[in-house]
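# An overview of the molecular structure
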Amino acid sequence: MGKRGRRARQKRKRIGFHIDMTPMVDVAFLLLTFFMLTTTFSRANTMEINIPPEETEVKIAELNVMTVRIVEEGRAYWSIGDAVPQEIAMYDEAESPVLSAGLRKLLREETRKNNKLVIVVKLSGKAKYKNLIDLIDEFNLLKIDRFSLDDFTSEDEAAIVAQRKSEDESREI
């Protein structure tokens with residue numbers, strides 16, 4: 001029995017083996033290189049805006065100018081020419097990424113009525129930059145290419161305050 005036990009132990013001995021990992025590493029690096037070279041990276045969303053030279057001045061009739069004043073989150077006022085600004089909701093819901101149906105309809109109808117219409121967008125300090133981007137995106141969707149950006153002035157603020165007062169007075173009556 002003593003000899004059988006020794007033989008059993010000797011049979012249990014393993015013979016060492018070696019696996020060459022070089023081909024697997026080569027394939028892994030080839031795949032890594034392939035996927036790195038064929039991947040497309042996300043591109044920055046940019047918008048091309050053509051800016052006219054400062055020396056030129058373009059004269060436009062008042063009836064061909066629509067002014068959209070964005071005063072704060074979700075609120076805007078629009079007017080054509082020297083008319084009193086009228087309030088319009090920018091979004092149907094507070095957190096909606098899409099402009100309101102009323103504003104889209106207004107833009108569509110006014111540009112259809114007057115093909116020479118130029119839209120001037122004025123953004124107040126209380127408004128968010130997102131509102132401007134959403135409005136310009138809507139211009140692109142509606143194929144409106146005649147728009148301009150301008151400073152929100154104290155006259156704009158006064159016109160809005162006057163419109164709010166007249167609206168409040170009409171509600172009291």
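Residues numbered from 1 in each chain as written. Predicted model: local features only at pLDDT ≥ 70, side-chain atom pairs only at ≥ 80, totals over all residues. Heavy atoms only, no water.

### Thoughts on the packing of aromatic side chains
Applying the stated criterion across every chain, the model contains 2 aromatic pairs. For the pair F34 and F35, a centre-to-centre distance of 5.2 Å together with 70° between the ring planes defines the contact as edge-to-face. Assessed through its relative accessible area of 46%, F34 is described here as partly exposed. Ring centres of F139 and F147 lie 5.0 Å apart, and the angle between their planes is 40°; this geometry places the pair in the tilted category. (Phe/Tyr/Trp six-rings, centres within 6.5 Å; stacked < 30°, edge-to-face > 60°. Buried < 20%, exposed > 50% of the residue type's maximum accessible area, 1.4 Å probe, protein only.)

### Some details on the sheet that holds strand β1 (residues 65–72)
With mixed pairing, the 5 strands of this open sheet are ordered in space as β3-β2-β1-β4-β5. Each edge of the sheet is formed by a strand with only one pairing partner; in this case those strands are β3 (86–89) and β5 (147–151). Averaged over all pairs of adjacent strands, the angle between their axes in this sheet comes to 30°, without regard to strand direction. Relative to strand β2 (residues 75–80), β1 is paired through 6 bridges, and the arrangement is antiparallel. When the bridges of β2 are listed, E72 appears paired with R75. Helix α3 (residues 101–113) contacts β1, β2, β3 and β4 (118–123) of the sheet and is inclined by roughly 125° relative to β3. (Pairing = 2+ DSSP bridges. Helix = DSSP H or I, 4+ residues; strand = E, 2+ residues; numbered from the N terminus. Axes fitted to C-alpha atoms, helices over the stretch in contact; angles between N-to-C directions. Contact = heavy atoms within 4.5 Å.)

### Side note on the pairing of β5
Bridge analysis of β4 against β5 gives 5 bridges, and the strand direction is parallel. Across the sheet, K122 pairs through a bridge with D150, a residue of β5. Of the crossover connections in this fold, the one passing from β4 over helix α4 (residues 129–141) to the parallel β5 is right-handed. (Right-handed = clockwise from strand over helix to strand, strands pointing away.)

### Section: α3
Because the α-helix completes a turn every 3.6 residues, residues three or four places apart line up on one side. Over its 13 residues, α3 runs 18 Å from end to end, which matches the ideal 18 Å to within 8%, given 1.5 Å per residue. What α3 keeps buried is the set L103, L106, L107 and E110. Seen from one end, α3 has its buried residues packed into an arc of 95°, which puts them on one side. Looking at the buried side of α3, the elements it contacts are β1, β2, β3, β4 and α4. (Expected span 1.5 Å × (residues − 1). Arc of directions from axis to C-beta.)

### A short note on the nonpolar core
In terms of nonpolar packing, the biggest core is built from 21 residues, with M66, L107, I119 and L135 touching the most fellow members. Elements that contribute at least two residues to this core include exactly β1, β2, α3, β4 and α4. Ranked by residues supplied to this core, first place goes to α4 with 4 residues. With residues near it in sequence (within four places) discarded, M66 still touches W78, S79, I80, L106, L107, E110, L117, V118, I119 and V120. (Core = buried A, V, L, I, M, F, W, Y, C linked by side-chain atoms within 4.5 Å.)

### Observations concerning unusual backbone geometry
Generally, phi is negative for residues other than glycine and the peptide bonds are trans, each holding for most cases. Here K143, not a glycine, exhibits a phi torsion of approximately 60°, which is positive. With respect to the helices, strands and loops of the structure, K143 is situated in the loop between α4 and β5. Residue class for K143 comes out exposed when judged on its relative accessible area of 71%.

### Thoughts on a nonpolar patch on the surface
Together, F17, I19, M21, M24, V25, F29, L32 and M36 make up a nonpolar patch on the protein surface, roughly 900 Å² of accessible area in all. For M24, the position within the fold is in helix α2 (residues 22–38). (Patch = residues over 30% accessible without salt bridge, like charges linked within 9 Å, V, L, I, M, F, W, Y side chains within 5 Å. Areas by Shrake-Rupley, 256 points an atom, 1.4 Å probe, with all protein chains shown as cover. Salt bridge = Lys/Arg side-chain N within 4 Å of Asp/Glu carboxyl O.)

### Focus on the pairing of β2
The turn joining β1 and β2, which pair antiparallel and follow one another in sequence, is formed by 2 residues; a positive phi near 85° is taken by G74. Relative to β3, β2 is paired through 4 bridges, and the arrangement is antiparallel. Counted as the bridge partner of W78 is Q86 from β3. The turn joining β2 and β3, which pair antiparallel and follow one another in sequence, is formed by 5 residues; a positive phi near 65° is taken by G81.

### Notes on the environment of K130
Mapped onto the elements, K130 comes out in helix α4. Along the backbone, K130 and E73 are 57 residues apart, and their C-alpha atoms lie at a distance of 9.2 Å. Polar contacts involving the side chain of K130 include one to the side chain of D134, which spans 2.8 Å. (Polar contact = N/O pair within 3.5 Å; in protein donor to acceptor, adjacent residues only side chain to side chain.)

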